[in-house]
Amino acid sequence: MEKKKIQNIIRELNDISTKYTNNEIIIAIYIWIRYGTTTFNNYIDETELNKIFEEIKNYTTIFDEQLNYNIDKILNDD
């Protein structure tokens, strides 16, 4: 692991934090880690995005199995 690369990532994340709210960053990171950009672009609409955010607000961490289960239910509610 190269420290320089991690420093660059941290610097870029800091730049992002000045452009977006913490809530926007949290939901973006959650979706990116859990589902990736293809799923987000093709399958998640604004209504689901708002429901996901409301669900995330109920938890202290985005690394919670019950949270993941609840969001899966939101996305598979067709």
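Going along each chain's sequence as written, the residues are numbered from 1 onward. Since the coordinates come from a predicted model, pLDDT governs what is reported: local features require at least 70, and pairs of side-chain atoms require 80 or more to be given and counted, while whole-chain, interface and lining totals use all residues. By convention in this description, side-chain values take in all heavy atoms of the structure and omit both hydrogens and water.

What about the overall build of the chain?
The following threshold applies: Secondary structure elements are taken from DSSP: a helix is a run of H or I of four residues or more, a strand is a run of E of two residues or more, and numbering for both begins at the N terminus. Categorising residues by exposure relies on relative accessible area from a 1.4 Å probe, with only protein chains included: less than 20% of the type maximum marks a residue as buried, more than 50% marks it as exposed, and the intermediate range marks it as partly exposed. Residue-level accessible areas treat just the shown protein chains as cover; the underlying method is Shrake-Rupley with a 1.4 Å probe.
The number of helices and strands found in the chain is five helices and zero strands. Listing the helices and strands of the chain from first to last along the sequence gives α-α-α-α-α. Taking the principal axes of the C-alpha coordinates as reference, the chain spans close to 45 × 25 × 25 Å. Sorting the 78 residues of the chain into buried and exposed places 23% on the buried side. Counting only carbon and sulfur atoms, one obtains 51% of the accessible surface of the chain, whose full area is about 6,400 Å².

Focus: the pattern of salt bridges
Inclusion rule: Each salt bridge in this description consists of a side-chain nitrogen of Lys or Arg and a carboxyl oxygen of Asp or Glu lying within 4 Å of one another.
In this structure the tally under the stated criterion is three salt bridges. The partner of E2 in a salt bridge is K5, with the nearest N and O atoms 3.8 Å apart. E2 sits in the partly exposed class, given a relative accessible area of 49%. A relative accessible area of 51% means that K5 is categorised as exposed.

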